[in-house]
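Survey of secondary and tertiary structure
Residue strings, one per chain:
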Amino acid sequence: MHDFEQYEDDFESPRHAKRPRKPRKSDTEQAARFEPVDVFDPQSSRAGRLTEAERARLAAVRESALVDPPLPPGADRWSTWGDGEQGPKPRPDWLVTELAAADSELGVLKTGKEADVHLIERAVPDTDRGCLLAAKRYRSNEHRMFHRDAGYLEGRRMRRSREMRAMANRTAFGRNLIAEQWAVAEFAALSRLWAAGAPVPYPVQRSGTELLMEFLCDEEGTAAPRLAELRPGGDELADLWHQLTGTLALLAGLGLTHGDLSAYNLLVHQGQVMIIDLPQIVDVIANPRGLEFLARDVANVSDWFRARGLPDRFTDTAALMAELVAAAGLD
Ligand SMILES: Nc1ncnc2c1ncn2[C@@H]1O[C@H](COP(=O)(O)OP(=O)(O)OP(=O)(O)O)[C@@H](O)[C@H]1O
Ligand SMILES: [Mg+2]
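This structure is a prediction, so every number in the text was calculated from the model and none was measured.

Examining the overall build of the protein chain
Within the protein chain, the regular secondary structure consists of eight helices and eleven strands. By the burial criterion, 45% of the 331 residues in the protein chain qualify as buried.

Structural data, given as structure tokens:
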């Protein structure tokens, strides 16, 4: 599903929407060619020649057409909404899609081996339209290879041999492609799961190695905690477990498992268990090791809940596994 074919489409035909405030140079030249007659010097012996002043004016127009207008104070870039793949529809109301919006970096949420997650605010200057986004930026450093090893890629089709060679040889181009490939895969996974009603942050957009998604936070803007940081007890623990197993069944029904599931890749957002960190999502049917990944995901979370005191009758791994295998249609 999230194969290189999809990536190839993206690579071949990036959908760059044009920012309306920045006309292309050719537009300006085109316009200049059809300037009215007053651009001509009536004193000139040769009709149709531009005056010096008019030449200078046109040069200034061309020059200014090549630079973006200055950013609002505190902003780091204009909104990249028009620059890449956009999230599924219907889009949430809170999402700022205006191209006139600007992005400000508010800080780093987490640095990791494979990606850094930053907090950004996307806001329309001089209005109250704004939203917080988590920006996951995949790295293309050579020093680490994805722990999500080749096993994950089994069952995915790859076609473009030039790109495959570049990735295999770890050229700078190839390393960047690998990083971009993971961003593409995570965006596709989030989009598919969000559309299926699974509890994942809304995937806003993906361009290059950067993925923007809904920032899961409380009213004050504090990031939702990882399940691993919480010490829920009793009913709350059982409720979180029920939510999680429901979500695993939903994924299994789509023929999927997370592939790297743990209490670190689950956030608790307003009492809801949300799944994050999905670039390696596994197609349990197409991937020859699909059931192995499914069993590992189930074992990881069962172990965590058991260690937190959830009675064994809830965390019957074999029974849960059988339920998920059936949901995937593999029994
Ligand atoms: N949408 C989000 N809303 C709030 N916090 C988030 C969001 N996405 C990621 N985070 C925070 O950033 C951390 C890292 O995100 P994620 O697990 O996707 O990246 P990662 O680099 O693969 O991390 P790791 O290697 O530690 O698994 C998460 O544990 C979470 O605390
Ligand atoms: Mg993670």
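Regarding helix α4 (residues 161–168)
Of the positions making up α4, those classed as buried are E163, A166 and M167. Across the axial projection of α4, the buried residues extend over an arc of 100°, all falling on one side. Facing away from the buried side of α4 by over 90 degrees, the exposed positions are R165 and A168. Just past α4, the residue R170 takes up positive phi, approximately 55°.

Topic: the coordination of the magnesium ion (ligand 2)
Each pair of donors in an ideal four-coordinate tetrahedral metal site encloses 109.5 degrees, whereas pairs in an ideal six-coordinate octahedral site enclose 90 or 180 degrees. Within the protein, the atoms that donate to the magnesium ion (ligand 2) are N265 (OD1) and D277 (OD), at distances of 2.1 to 2.2 Å. Pair noted here: N265 is in the loop between β8 (256–257) and β9 (266–269) and D277 is in the loop between β10 (272–275) and β11 (282–283), with a separation of twelve residues, a long-range link. With relative accessibility at 8%, the residue N265 sits in the buried group. Of the residues examined, D277 reaches a relative accessible area of 14% and is grouped as buried.

Quick look at unusual backbone geometry
Between K89 and P90 the backbone carries a cis peptide bond, its omega angle lying at 0°. Following the sequence through the fold, P90 ends up in the loop between β2 (85–86) and β3 (102–111). Phi is positive for D126, which is not a glycine, with a value near 60°. Inspection of the secondary structure assignment puts D126 in the loop between β4 (115–123) and β5 (130–138). Of the residues examined, D126 reaches a relative accessible area of 83% and is grouped as exposed. One non-glycine residue, D277, adopts positive backbone phi at about 65°.

A closer look at the pairing of β10
Note: β9 against β10, four bridges, orientation antiparallel. The residue of β10 that forms the bridge with V268 is V273. What sits between β9 and β10 in their antiparallel hairpin is a turn of two residues, with Q270 showing a positive phi close to 50°.

Regarding the nonpolar core
Ranked by internal contacts, the top residues of the largest apolar core, which has 44 residues, are L193, L227, L266, L278 and F305. Counting residues per element, this core draws most heavily on helix α6 (residues 234–253), which supplies eight residues. The residues that make up this core include at least three from each of domain 1 (73–215) and domain 2 (221–331). Once residues lying within four places of it in the same chain are set aside, the contact partners of L193 are A198, V200, L251, L254, L256, L278 and I281.

As for the site of ligand 1
In the vicinity of ligand 1 lie 17 residues, with K110, K136, E214, R226 and D277 positioned nearest. In this structure, K110 approaches ligand 1 through a side-chain N or O atom, which is 2.8 Å from an oxygen atom. E214 places a main-chain nitrogen or oxygen 2.8 Å from a nitrogen atom of ligand 1. Coverage of ligand 1 by the protein chains reaches 91% of its 610 Å² of free accessible surface. Those elements that provide at least two residues to the shell around ligand 1 are β4, β5 and β7 (210–214). Split by residue class, the shell around ligand 1 holds ten nonpolar, one polar and six charged. When residues are assigned to domains, the shell around ligand 1 turns out to be shared by domain 1 (73–215) and domain 2 (221–331), each giving three or more.

Rules used throughout
- Residues numbered from 1 in each chain as written.
- Chains lettered and ligands numbered in written order.
- Predicted model: local features only at pLDDT ≥ 70, side-chain atom pairs only at ≥ 80, totals over all residues.
- Heavy atoms only, no water.
- Helix = DSSP H or I, 4+ residues; strand = E, 2+ residues; numbered from the N terminus.
- Buried < 20%, exposed > 50% of the residue type's maximum accessible area, 1.4 Å probe, protein only.
- Arc of directions from axis to C-beta.
- Donors = N, O, S within 2.8 Å, 3.2 Å for Na, K, Ca; no water.
- Pairing = 2+ DSSP bridges.
- Core = buried A, V, L, I, M, F, W, Y, C linked by side-chain atoms within 4.5 Å.
- Domains from an automatic or database assignment.
- Contact = heavy atoms within 4.5 Å.
- Near = heavy atom within 4 Å.
- Polar contact = N/O pair within 3.5 Å; in protein donor to acceptor, adjacent residues only side chain to side chain.
- Areas by Shrake-Rupley, 256 points an atom, 1.4 Å probe, with all protein chains shown as cover.
- Nonpolar A, V, L, I, M, F, W, Y, C, P; charged D, E, K, R; others polar.

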